[in-house]
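Listed below, chain by chain, are the residues.
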Amino acid sequence: MLTFIGLGLYDERSITVEGRDALQAADRVYAEFYTSQLIGTTIEDLESSHDLEIEVRDRAGVEQHPEDMLEAAEDEDVAFLTAGDTMISTTHVDLRLRAHERGIETRVIHGVTAQTATSSLTGLQNYRFGKATTLPFPFAHGAEGLPASVTETIDENRADGLHTVVYLDIKAEREEYMTADVGAELLAEEYPDLVGVVVARAGSPEPLVEAGTMTELAQREFGDPLHLLVIPGECHLLEADALVELAGADRETLDIV
């Protein structure tokens, strides 16, 4: 069997009880942290906490060369770990389908996602979010200005009155994480007066939630990663109350319906 286990958002304690039990029962354990990271822990702490050895795979080791993991899962119970919820990335869906092609049984044990945590921390209702987008580092997309994938997503969601989650780029191999002030500065070139909400360190003991225009957010510091940005769409009264109370938003800047 190949069991995909989401580790949650922050440290070695963020895993569910079901996930912990499945992890301890596994014969072999693999993990990837190039799609996201657990900022509150290390591989060594994960291994020590769960009393096991973890083989961390890079992107090529998961997407191009997963044969050894699949071969192991034909005869043993193999666990594959990721931060957050394990099936958010298409990389992991592809690996699961490859296992099915070999006749390997799979199961999924979910973890908390950044999007659901963001909805909880900001008070914005989960069903009011539209398509999400990822804001890359300028050197990663190699073009001037914001990528069309970002502006089109924001504009289409705003036209429909929906909230937008803007994930900020991660370059795990360089240990480089885009911070919310950098993301806001990039977005301010196109949307200087657009209201955004920073969510930092979701899942940690002390998460941060702070609202302002992109111009304002670009001038602030938000501490350690991971960060993301939310662009509110039309807000119900309760959502507006939550943003004012929980994120320090200026009610006059919100689009309340």
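For every chain, the first residue of the written sequence is number 1, and numbering continues from 1 along that sequence. Since the coordinates come from a predicted model, pLDDT governs what is reported: local features require at least 70, and pairs of side-chain atoms require 80 or more to be given and counted, while whole-chain, interface and lining totals use all residues. Calculation of side-chain values draws on the structure's entire complement of heavy atoms; hydrogens and water are dropped beforehand.

1. Side note on the domain arrangement of the protein
And step 1. Boundaries of every domain are those given by an automatic assignment or by a domain database. Splitting the protein by domain gives domain 1 (2-109) and domain 2 (114-253).
And step 2. Summarising the inter-unit geometry, the C-alpha centres of domain 1 and domain 2 are found 28 Å apart.
And step 3. Contact residues are listed per partner, giving eight residues for domain 1 and 11 residues for domain 2.
And step 4. Both sides together, the interface formed by domain 1 and domain 2 hides about 790 Å², and carbon and sulfur atoms give 71% of it.
And step 5. Two parts placed together each lose some accessible area; with a 1.4 Å probe, that loss summed over both constitutes the buried area. For domain 1, the biggest contributors to the area lost against domain 2 are L9, Y10 and I39; these three give 61% of the whole.
And step 6. The working definition used for a salt bridge is a side-chain nitrogen of Lys or Arg within 4 Å of a carboxyl oxygen of Asp or Glu. In this structure, the connection of domain 1 to domain 2 is made through zero salt bridges.
And step 7. Polar contacts, as used here, are pairs of N or O atoms within 3.5 Å; protein pairs need one atom able to donate a hydrogen and one able to accept it. Residues neighboring in sequence count only if both atoms are side-chain atoms. At the boundary of domain 1 with domain 2, the tally comes to zero residue pairs in polar contact (both at pLDDT 80 or more).
And step 8. By the convention adopted, Pro, Cys, Tyr, Trp, Phe, Met, Ile, Leu, Val and Ala count as nonpolar, Lys, Arg, Asp and Glu as charged, and the other residues, Gly among them, as polar. Its residues assigned to classes, the side of domain 1 that touches domain 2 comprises five nonpolar, three polar and no charged. Two residues qualify as a contact provided that any one of their heavy atoms is within 4.5 Å of a heavy atom in the partner residue.

2. A closer look at the sheet that holds strand β5 (residues 106-109)
And step 1. Pairing in this open sheet of five strands is parallel, and the strands run β3-β2-β4-β1-β5 from one edge to the other. Looking at which strands have only one partner, the edges of the open sheet turn out to be β3 (55-56) and β5.
And step 2. One ladder, built from two bridges, connects strand β2 (residues 28-31) with β3; its direction is parallel. Looking across to β3, one finds that A31 is bridged to V56. Any two strands are treated as partners once DSSP identifies two or more bridges connecting them. Helical segments are the DSSP runs of H or I of at least four residues, strand segments are the runs of E of at least two, and each set is numbered from the N terminus.

3. As for the side chain of T82
And step 1. As for its placement among the helices and strands, T82 is situated in strand β4 (residues 78-82).
And step 2. The buried label goes to any residue with under 20% of its type's maximum accessible area, the exposed label to any with over 50%, and the partly exposed label to all in between, with areas taken from a 1.4 Å probe on protein chains only. Given the relative accessible area of 1%, T82 is considered buried.
And step 3. Setting aside residues no more than four positions away along its own chain, T82 makes contact with I5, G6, L7, E32 and H92.

4. Quick word on the environment of A72
And step 1. Looking at the secondary structure, you find A72 in helix α4 (residues 67-75).
And step 2. Residue class for A72 comes out buried when judged on its relative accessible area of 6%.
And step 3. Put simply, A72 and L124 are 52 residues apart on the chain and 43 Å apart in space, counted from C-alpha to C-alpha.
And step 4. Excluding residues that lie within four positions of it along the chain, A72 makes contacts with R28, Y30 and V78.

5. Let's talk about the nonpolar core
And step 1. Core analysis: the largest hydrophobic core is formed by 24 residues, its most contacted members being L135, I154, L168, L187, V198, M214 and L229.
And step 2. The contact partners of L135, leaving out residues within four places of it in the chain, are L146, V150, V166, Y167, L168, D169, M178, G183, L186 and L187.
And step 3. V209, A211, L228 and C235 belong to the second largest nonpolar core, which has 19 residues in total. Throughout, nonpolar core names a set of buried Ala, Val, Leu, Ile, Met, Phe, Trp, Tyr and Cys residues whose side chains join them through atoms within 4.5 Å.

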